[in-house]
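One-letter residues, chain by chain:
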Amino acid sequence: MALKKFGIFNYKIDKHGPFFNLIQGIWEQRVARVGFYILLAIIIFSVIGLFYTPYNPSYTGFPRDLPPSPQHLLGTDDYGHDVFSQLLVGGFPVIGVGLITGFIGTILAILIGVTAGLYADTLVDRILSGITQVFLIIPGILIIELIGAYLGAIQLKLGYITILIALSSTGWAWGARVMRSLVLTLRRREYILSSELIGESKLYVVFNQIIPNNLPFIASNFFFTAIYGIAGFTFIYYFGLGNINQVNWGTMLYWSLGGEAYLRGLWWWYIPPGLMIGLVAFSFALINIGIDRVANPRLRVWNVKKYKKQLESRKKEEEIEWQK
């Protein structure tokens, strides 16, 4: 009941609300649709790998260094693995860790940034801003590398959960800093001051005014942090800081580096996983461009035909109502 009073659960599905307007605006941008289709294709490819692979990804009984053929679509590596099977299995951990990192990092950025902005120039703001500055100054990858080195010294390896926690806890600082600035700007707006004057709580203002007006930045921060998660995940496994016995695109690059695949011309060993990682990051970047165009009308690409149809339909609806 208390949460309803603050307006957290007072939302109704409004097709003309800020969330649906943002989704519609992003979908209208062709560049964002291309990014979504690329990402969807890679996700489907990775999900298939959870249920089906031509061969066991861990099986090492095949002839080594075979080039691509009908039997082995991407050949075999220096250890007798089927590269295509490993490519199928190795995508889900990378994408999953990236998306979850983006989600957790964005939530932390909202919580810390909004709290610091609402309590600006107070002890709370100084503490949160100080913590944010520390994480901005110290690279997150360096922190993860130190964690990996420490675990390696005690004969342990970074697992997926540990990497996820490390990436999520280091990828929020930039978003929190920008969110604090946005909250400070919004606090001076008349509608925010009016809400405070009539006695609305801070939670009501946050969930009904601040967050809806910053949805484009929140969405952009999610994809930015997801790219950071994918890059960090790949970095960890590429340099052997994680459990190298786990099959993912990062470990495929690690083993190709150890096997000197580039020098020996075994392109089918390292190009496919590198290309897949690049395509995932590229799809996120395209979606982010679409979000930027929605947030900035100067960058927006307008669908003139669609808006003409909307205007015509509205005119017809007004004529029908006037006749009634």
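Analysis parameters
Along each chain, residues carry numbers from 1 onward, in the same order as the chain's sequence is written. At least 70 in pLDDT is required for a residue's local features to be given in this predicted model, at least 80 for side-chain atom pairs to be given and counted, and no such filter applies to totals for whole chains, interfaces and linings, which use all residues. Hydrogens and water molecules were not included; the side-chain quantities draw on all heavy atoms of the structure. Definition used for salt bridges: Asp or Glu carboxyl oxygen within 4 Å of a side-chain nitrogen of Lys or Arg. Here a strand is any run of E in DSSP of at least two residues, a helix any run of H or I of at least four, and the numbering for each starts at the N terminus. When accessible area is computed with a 1.4 Å probe and restricted to protein chains, residues below 20% of their type maximum are described as buried, those above 50% as exposed, and intermediate ones as partly exposed. Remark: nonpolar core denotes a set of buried residues (Ala, Val, Leu, Ile, Met, Phe, Trp, Tyr, Cys) joined through side-chain atoms within 4.5 Å. Note on aromatic pairs: the rings of Phe, Tyr and Trp (six-membered ring only in Trp) are paired at centre separations within 6.5 Å, and the planes decide the class, stacked below 30 degrees, edge-to-face beyond 60, tilted for the rest. pLDDT runs from 0 to 100 and stands for how confident the predictor is about each residue. Throughout, a residue-residue contact means that at least one pair of heavy atoms, one from each residue, lies within 4.5 Å. Orientation is described by lines fitted to C-alpha atoms, with helices fitted over the stretch in contact, and by angles between N-to-C directions that extend from 0 to 180 degrees. By definition in this entry, angles of less than 35 degrees are roughly parallel, angles greater than 145 are roughly antiparallel, angles of 65 to 115 are roughly perpendicular, and the rest are oblique. It is the rotation of the near helix from the far one that decides the hand of a crossing: anticlockwise by less than a right angle makes it left-handed, clockwise makes it right-handed. Each residue gets one of three labels, nonpolar for Ala, Val, Leu, Ile, Met, Phe, Trp, Tyr, Cys and Pro, charged for Asp, Glu, Lys and Arg, and polar for the others, Gly among them. By definition, no residue in a patch forms a salt bridge, and every one has over 30% relative accessible area; like charges are joined within 9 Å, nonpolar side chains (Val, Leu, Ile, Met, Phe, Trp, Tyr) within 5 Å. Shrake-Rupley sampling with a 1.4 Å probe provides the accessible areas, and residues are treated as covered by the protein chains on show and by no other component. His is not counted, nor are the chain ends; Lys and Arg add positive charge and Asp and Glu add negative charge. Where a charge lies is defined by one atom per residue type, namely NZ (Lys), CZ (Arg), CG (Asp) and CD (Glu).

A.B. asks: Just give me the short version of the pattern of salt bridges, but keep the residues and values in it.
C.D. replies: All chains considered together, the criterion is met by three salt bridges. In this structure, arginine 264 engages aspartate 78 in a salt bridge whose closest nitrogen and oxygen atoms are separated by 3.2 Å. One end of the pair, arginine 264, is in helix α13 (residues 261-264); the other, aspartate 78, is in the loop between α3 (30-51) and α4 (83-118), and 186 residues separate them in sequence. On the basis of relative accessible area, aspartate 78 is assigned to the buried category, the value being 19%. Aspartate 125 is the partner of arginine 180 in a salt bridge, and the nearest nitrogen-oxygen pair spans 2.9 Å. Of this pair, arginine 180 sits in helix α8 (residues 173-186) while aspartate 125 sits in helix α5 (residues 123-137), placing them 55 residues apart in sequence. Through salt bridges with shared partners, a single ionic network connects Asp65, Asp78 and Arg264.

A.B. asks: Tell me what's going on with the nonpolar core, and back it up with residues and numbers.
C.D. replies: With 56 residues, the main nonpolar core has Ile210, Trp249 and Val280 as its most contacted residues. Formed by seven residues, the second largest nonpolar core is a distinct cluster that contains Ala109, Ala116, Leu128 and Trp172.

A.B. asks: Any chance you could break down the packing of aromatic side chains for me, citing the residues and the numbers?
C.D. replies: In this description, a pair of aromatic rings is defined by centroid distance and the angle of the planes. The tally for this structure, following the rule as stated, stands at 21 aromatic pairs. Relative to tryptophan 255, the ring of tyrosine 79 lies with its centre 5.2 Å away and its plane at 70°, an arrangement referred to as edge-to-face. Residue tyrosine 79 is found in the loop between α3 and α4, and its partner tryptophan 255 is found in helix α12 (residues 249-258); the two are separated by 176 residues along the sequence. Of the residues examined, tyrosine 79 reaches a relative accessible area of 30% and is grouped as partly exposed.

A.B. asks: Could you give an account of the confidence of the model for the chain, naming the residues involved and the relevant values?
C.D. replies: Here the chain averages 81 in pLDDT, and 84% of its residues register 70 or above. The low-confidence segment residues 5-9 (pLDDT under 50) makes eleven contacts with residues lying over four places distant or belonging to another chain.

A.B. asks: Tell me about the packing of α4 against helix α14 (residues 267-295), residues and numbers included.
C.D. replies: The N-to-C vectors of α4 and α14 enclose an angle of 30°; their axes lie 11 Å apart at closest approach. On the basis of their axis angle, the class for α4 and α14 is roughly parallel. Two packed elements cross with a definite hand, and for α4 against α14 that hand is right-handed. Facing α4, whose interface residues are Val83, Leu87, Ile95 and Leu99, α14 presents Trp268, Pro272, Pro273, Met276, Val280 and Phe284. Class assignment of the residues belonging to the contact of α4 with α14 gives a composition of ten nonpolar, no polar and no charged.

A.B. asks: Break down unusual backbone geometry for me, with residues and values.
C.D. replies: Look at aspartate 121: it is not a glycine, yet its phi comes out positive at around 65°. Along the chain, aspartate 121 turns up in the loop between α4 and α5. Taking relative accessible area as the criterion, aspartate 121 reaches 66% and is therefore assigned exposed. Look at glutamate 260: it is not a glycine, yet its phi comes out positive at around 55°. Along the chain, glutamate 260 turns up in the loop between α12 and α13. The class of glutamate 260 is partly exposed, set by a relative accessible area of 46%.

A.B. asks: How would you sum up a negative patch on the surface? Please name residues and give values.
C.D. replies: There is a patch of like negative charges on the surface, built from Glu317, Glu318, Glu319 and Glu321. Counting through the fold element by element, glutamate 321 comes out in helix α15 (residues 304-323). Overall, glutamate 321 belongs to the exposed group, its relative accessible area being 59%.

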